[in-house]
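# Chains, contacts and geometry: an overview
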Amino acid sequence: MIIQKTREEIELMRESALLVSKTLGMIAAEIKPGITTLHLDKLAEEFIRDHDAVPGFLGLYGCPSSILTSVNDQVVHGLPTNTIIEEGDIVSVDCGVLKNEYYGDHAYTFEIGDVAPETKKLLQVTKESLYVGIREFKMGNRVEDVGNAIQKYTEAHGYGVVRELVGHGLGKKMHEDPEMPNYGKRGRGKLFVEGMVVAIEPMINLGTKNIKQLKDGWTIVTADRKPSAHFEHDVALVNGKPELLSTFSYIYKALGIESNEENEFRSQPLVLS
Ligand code: MG
Ligand code: MG
């Protein structure tokens, strides 16, 4: 059952989403060759608790960490470890918080220094596909319209769309209805309704769409061990249109990137605090 949120609830969810955005912005300033993903996890947990919230992933389904860090061929759910991040790596950082009883959940894939051109292109196209998907999250459309748009956009580049892991509704639970696959057929699935909030999160592989799980019981890797990218935003359906609750602006500020990619999904200007 899709749980519709009131305007007040959506504003609380915006706070949760923006705290994740800020946490990712903090990580953007810290992530570099020579540090470990375990170090980033410690920083993220402290940062979230310092902002009157609790890490959303820690303890959820038995998750041992506050962020999930997926390096290179790792797709998602990578557990932070003592492995050192190296020049040329890509690192997807997925982060969740619970604040005012509502979850925020979003993710960004960072480039560490100079990344191979084909990997850089994979990241660019995957992030573009996130917005292509969000554009379809509007009144009159159905769940698979979003997935269909993401699938078409990324498969046109020869990439593999992960099937086993999907986006989801978001609210007082981390995973609510509906499931939001990154593939599908036009006009299929549940109709979108006003006030629903979803996490849209394409997981796109440079090569095969097939994945496997490592022995740690968490980390998902590509079956051909080629790189994989992951970007995730939290979006509410407001006045029939997608309204972005999360932002990559804190990341871009830390990295010195200029972007207006989010503007079309905002009804009010974003004020960075
Ligand atoms: Mg996530
Ligand atoms: Mg998610």
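Given the structure is predicted, the values throughout are model-derived calculations rather than measurements.

Our next topic: the coordination of the magnesium ion (ligand 1). Here the magnesium ion (ligand 1) is held by Asp94 (OD), Asp94 (OD), Asp105 (OD) and Glu232 (OE), and the distances to it run 2.1 to 2.4 Å. Read in sequence order, the donor residues coordinating the magnesium ion (ligand 1) give the pattern D-x10-D-x126-E. Taken as a pair, the magnesium ion (ligand 1) and the magnesium ion (ligand 2) lie 3.2 Å from each other and share Asp105 as a ligand. Of the two residues, Asp105 is situated in strand 5 (residues 102-111) and Glu232 in the loop between strand 13 (228-230) and strand 14 (233-238); the sequence distance between them amounts to 127 residues. The buried category is assigned to Glu232, whose relative accessible area is 0%.

Two modes of strand pairing occur in sheets, parallel and antiparallel, and in both the strands are linked by backbone hydrogen bonds. Spatially, three strands are ordered 6-10-13 in an open sheet, and the strand pairing comes out antiparallel. The open sheet has two edge strands with one neighbour each: strand 6 (160-161) and strand 13. Alignment of strand 6 against strand 10 (residues 203-205), held across two bridges, turns out to be antiparallel. Residue pairing in the sheet places Val161 in a bridge with Ile204 of strand 10. This element, helix 3 (residues 117-134), spans strand 10 and strand 13 of the sheet and lies at about 35° to strand 13.

Here five strands make up an open sheet; going across it, the order is 8-7-9-14-15 and the pairing antiparallel. Pairing within the sheet leaves two strands with one partner each, and these edge strands are strand 8 (176-180) and strand 15 (241-244). Shown here is a sheet whose adjacent strand axes are inclined to one another by a mean of 30°, direction ignored. Inspection of the sheet shows strand 7 (residues 167-169) paired to strand 8 by three bridges, in the antiparallel sense. Each residue of the ladder has a partner; that of Gly167, found in strand 8, is Met180. The strands touched by helix 1 (residues 7-30) within the sheet are strand 9 (197-200), strand 14 and strand 15, with strand 14 carrying the most contacts at an inclination of about 165°.

For the coordinates displayed, the defined rule picks out 17 salt bridges. In this structure, the salt-bridge partner of Lys42 is Glu46, at a minimum N-O distance of 3.5 Å. With a gap of four residues between them, Lys42 and Glu46 both fall in helix 2 (residues 37-50), about one helical turn apart. With relative accessibility at 54%, the residue Lys42 sits in the exposed group. Of the charged contacts, one joins Arg49 and Glu45 as a salt bridge, the two residues approaching to 2.9 Å between their closest N and O atoms.

Another aspect to go through is the packing of helix 3 against helix 4 (residues 143-155). Where helix 3 contacts helix 4, the axes come no closer than 8 Å and their chain directions differ by 150°. As far as their axial angle goes, helix 4 and helix 3 are roughly antiparallel. Judged by the sense of rotation from one axis to the other, the crossing of helix 3 with helix 4 is right-handed. Listed contacts from helix 4 to Val125, Glu128, Ser129, Val132 and Gly133 of helix 3 are Val146, Ala149, Ile150, Tyr153 and Thr154.

Here we take up the UniProt feature "domain: Peptidase M24" (unreviewed entry) in the protein. Within the UniProt annotation, "domain: Peptidase M24" (unreviewed entry) is assigned to residues 11-236. Regarding residues 11-236, the helix share stands at 29% and the strand share at 27%, and the terminal C-alpha atoms are separated by 10 Å.

This brings us to the packing of aromatic side chains. Using the criterion set out here, one finds eight aromatic pairs in the structure. Ring geometry for Tyr108 and Phe231: centres 5.1 Å apart, planes at 90°, overall edge-to-face. Of this pair, Tyr108 sits in strand 5 while Phe231 sits in the loop between strand 13 and strand 14, placing them 123 residues apart in sequence. Taking the relative accessible area as the measure of exposure, Tyr108 reaches 7% and is therefore buried. In this structure Phe231 comes out as buried when scored by relative accessible area, which is 2%. Following the ring pairs from residue to residue traces out a cluster consisting of Tyr108, Phe110, Phe231, Phe248 and Tyr252. One residue, Arg163, lies across the ring of Tyr183, its end atom 4.9 Å from the ring centre.

Rules and cut-offs
Residues numbered from 1 in each chain as written. Chains lettered and ligands numbered in written order. Predicted model: local features only at pLDDT ≥ 70, side-chain atom pairs only at ≥ 80, totals over all residues. Heavy atoms only, no water. Donors = N, O, S within 2.8 Å, 3.2 Å for Na, K, Ca; no water. Helix = DSSP H or I, 4+ residues; strand = E, 2+ residues; numbered from the N terminus. Buried < 20%, exposed > 50% of the residue type's maximum accessible area, 1.4 Å probe, protein only. Pairing = 2+ DSSP bridges. Contact = heavy atoms within 4.5 Å. Axes fitted to C-alpha atoms, helices over the stretch in contact; angles between N-to-C directions. Salt bridge = Lys/Arg side-chain N within 4 Å of Asp/Glu carboxyl O. Parallel < 35°, antiparallel > 145°, perpendicular 65-115°, else oblique. Left-handed = near helix turned anticlockwise from the far one by under 90°. UniProt positions renumbered as here; feature names shortened; annotations may be inferred. Phe/Tyr/Trp six-rings, centres within 6.5 Å; stacked < 30°, edge-to-face > 60°. Lys NZ or Arg CZ within 6 Å of the ring centre and 35° of its normal.

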